[in-house]
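# Understanding the architecture of this molecule
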Amino acid sequence: MLESRARRMPLIDVDDETKRAMVVSVVTQYRILKFVAVNVSDTQLLRKPLKHLKLGTYKNLETARMESSVFEVIHQLVNNSISSVPILNSDGILTNVFEAVDVITLIKGGVYDDLNLNVGEALQKRSDDFPGIYTCSIDDRLDTIFDTIRKSRVHRLVVVDEDNRLVGILTLSDILEYILLEGEGEDGKR
């Protein structure tokens with residue numbers, strides 16, 4: 001999962017009768033992190049703010065504007081192997097996020113005309129139950145971020161400053177990598 005940055009992997013077992021491999025479940029980054037959030041409450045690793053963890057992406061961030069074409073943003077997603085692009089206004093203020101799943105909404109039913117829309121028009125086609133974007137600051141502690149993950153099915157948080165300007169992106173992959181790998185060496189304990 002960490003190497004491929006895949007968000008989900010099948011859990012495979014061999015059927016005793018047929019001796020065939022079968023998928024028995026799907027393990028997701030969200031489920032792993034939710035398990036940690038629910039079951040590991042007393043650890044120093046979670047009590048540190050983002051600014052001390054080197055966690056997330058803060059340089060060379062892809063961004064777009066509401067006027068950007070959906071095709072431009074799709075190219076950004078594909079060419080950079082990312083799943084979302086923050087949408088900024090002309091003052092650099094975060095206004096929204098265009099996600100890879102937004103493309104699916106646009107092409108449902110085999111109609112591809114909506115790919116010619118701009119980002120603002122495309123985002124208006126989101127379902128009414130879209131949960132919105134989640135933000136945090138570099139001063140937020142990882143345990144607070146885990147609370148957000150536990151309560152919501154969030155796959156990323158946009159890191160913003162006090163003026164809601166884009167600072168970075170924090171993904172479940174980033175957090176999972178920290179919890180499983182980088183956090184091991186800190187303070188000599190887990």
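Preceding block: the structure.
Now for a quick tour of the structure. Residue numbers run consecutively from 1 along every chain, following the written order of its sequence. Confidence filtering applies because this is a predicted model: local features only for residues at pLDDT of at least 70, side-chain atom pairs given and counted only at 80 or more, and all residues used for totals across whole chains, interfaces and linings. Remark: hydrogens and water are excluded; side-chain values derive from all non-hydrogen atoms of the structure.

## Focus: the sheet that holds strand β5 (residues 135–136)
- An order of β5-β6-β7 is seen for the three strands of this open sheet, with the pairing classed as mixed. A single partner strand is all that each edge strand has here, and the edge strands are β5 and β7 (166–171).
- Pairing between strands is defined by DSSP: at least two bridges between the two strands are required. Labels follow the DSSP assignment, with helices taken as runs of H or I lasting at least four residues and strands as runs of E lasting at least two, numbered in each case from the N terminus. Direction of pairing for strand β6 (residues 156–160) relative to β7: antiparallel, over a ladder of five bridges. Following the sheet pairing, Val-158 is matched in β7 by Ile-169.

## Focus: the pairing of strand β4 (residues 94–99)
- Among the six residues in β4, five count as buried, and that is most of the element.
- Relative to β4, strand β3 (residues 84–88) runs antiparallel, the two sharing five bridges. In the sheet register, Ile-87 faces β4, and the bridge partner there is Asn-96.
- If you look at the hairpin formed by β3 and β4, you'll find five residues sitting between the two strands, and Gly-92 has a positive phi there, around 80°. Relative accessible area decides the class of each residue, using a 1.4 Å probe on protein chains only: under 20% of the type maximum gives buried, over 50% gives exposed, and in between gives partly exposed.

## Some thoughts on the pattern of salt bridges
- Throughout this description, the term salt bridge denotes a Lys or Arg side-chain nitrogen within 4 Å of a carboxyl oxygen of Asp or Glu. For the structure on display, the rule yields five salt bridges.
- A salt bridge links Asp-139 to Lys-51, with the shortest nitrogen-to-oxygen separation between them at 2.7 Å. Of this pair, Asp-139 sits in the loop between β5 and α5 (142–151) while Lys-51 sits in the loop between α1 (29–39) and α2 (70–79), and the two are 88 residues apart along the sequence.
- Since its relative accessible area comes to 48%, Lys-51 is described here as partly exposed.
- With a closest N to O distance of 2.4 Å, Arg-141 and Asp-143 form a salt bridge.

## Overview of a nonpolar patch on the surface
- Patches draw on residues past 30% relative accessible area with no salt bridge. Two like charges within 9 Å are joined, as are two nonpolar side chains (Val, Leu, Ile, Met, Phe, Trp, Tyr) within 5 Å. Note on areas: these come from Shrake-Rupley sampling with a 1.4 Å probe, and a residue is covered only by the protein chains present in the view. A cluster of nonpolar side chains, Leu-11, Met-22 and Val-24, forms an exposed patch at the surface whose accessible area comes to about 250 Å².
- Topologically, Met-22 is positioned in strand β2 (residues 21–28).
- You can call Met-22 partly exposed: its relative accessible area is 37%.

## Some points on unusual backbone geometry
- In this model, Asn-60 sits at a positive phi of 50°, which is unusual for a non-glycine residue.
- Assignment of secondary structure puts Asn-60 in the loop between α1 and α2.
- Asn-60 sits in the exposed class, given a relative accessible area of 78%.
- Within the chain, Ser-81 stands out as a residue other than glycine whose phi angle is a positive 50°.
- With respect to the helices, strands and loops of the structure, Ser-81 is situated in the loop between α2 and β3.
- The class of Ser-81 is exposed, set by a relative accessible area of 68%.

## Regarding the pairing of β7
- Taken across its six residues, β7 has five buried, putting it largely inside the fold.
- In this structure, the hairpin formed by β6 and β7 is closed by a connection of five residues, where Asn-164 is found at a positive phi of approximately 65°.

## Focus on the packing of α5 against helix α6 (residues 172–180)
- Axis lines are fitted to C-alpha atoms, over the contacting stretch for helices. Their N-to-C directions set the angle, which ranges from 0 to 180 degrees. Where α5 contacts α6, the axes come no closer than 13 Å and their chain directions differ by 125°. Relative to α6, α5 is oriented oblique. For the crossing formed where α5 meets α6, the hand is left-handed. Side by side, α5 and α6 meet where Leu-142, Ile-145, Phe-146 and Ile-149 of the first sit next to Leu-172, Ile-175, Tyr-178 and Ile-179 of the second.
- Here the residues of the contact of α5 with α6 are counted per class, giving eight nonpolar, no polar and no charged. In these notes the angle categories are as follows: under 35 degrees is roughly parallel, over 145 is roughly antiparallel, 65 to 115 is roughly perpendicular, and the rest is oblique. The sense of a crossing depends on the near helix, which, turned anticlockwise from the far helix by less than a right angle, makes the crossing left-handed and, turned clockwise, makes it right-handed. Throughout, a contact is declared for two residues whenever any of their heavy atoms are within 4.5 Å. Residue classes follow a fixed rule: Ala, Val, Leu, Ile, Met, Phe, Trp, Tyr, Cys and Pro count as nonpolar, while Asp, Glu, Lys and Arg count as charged, and any other residue, Gly among them, counts as polar.

## So, helix α3 (residues 100–107)
- Listed in full, the buried residues belonging to α3 are Asp-102, Val-103 and Leu-106. Buried residues along α3 cover an arc of 105° about the axis, so they all sit on one side.
- On its buried side, α3 packs onto α2, β4 and α4 (119–123). For this quantity, the arc is that covered by the directions from the helix axis to the C-beta atoms.

## Some thoughts on the packing of aromatic side chains
- Between the rings of Phe, Tyr and Trp (Trp by its six-membered ring), a pair exists once the centres lie within 6.5 Å; its type follows the angle of the planes, with under 30 degrees stacked, over 60 edge-to-face, and the other angles tilted. Counted under the stated rule, the structure contains zero aromatic pairs.
- Here Arg-126 stacks its cationic end above the ring of Phe-130, 3.8 Å away from the centre of that ring. Any Lys NZ or Arg CZ found within 6 Å of a ring centre and within 35 degrees of that ring's normal is scored as a charge over the ring.

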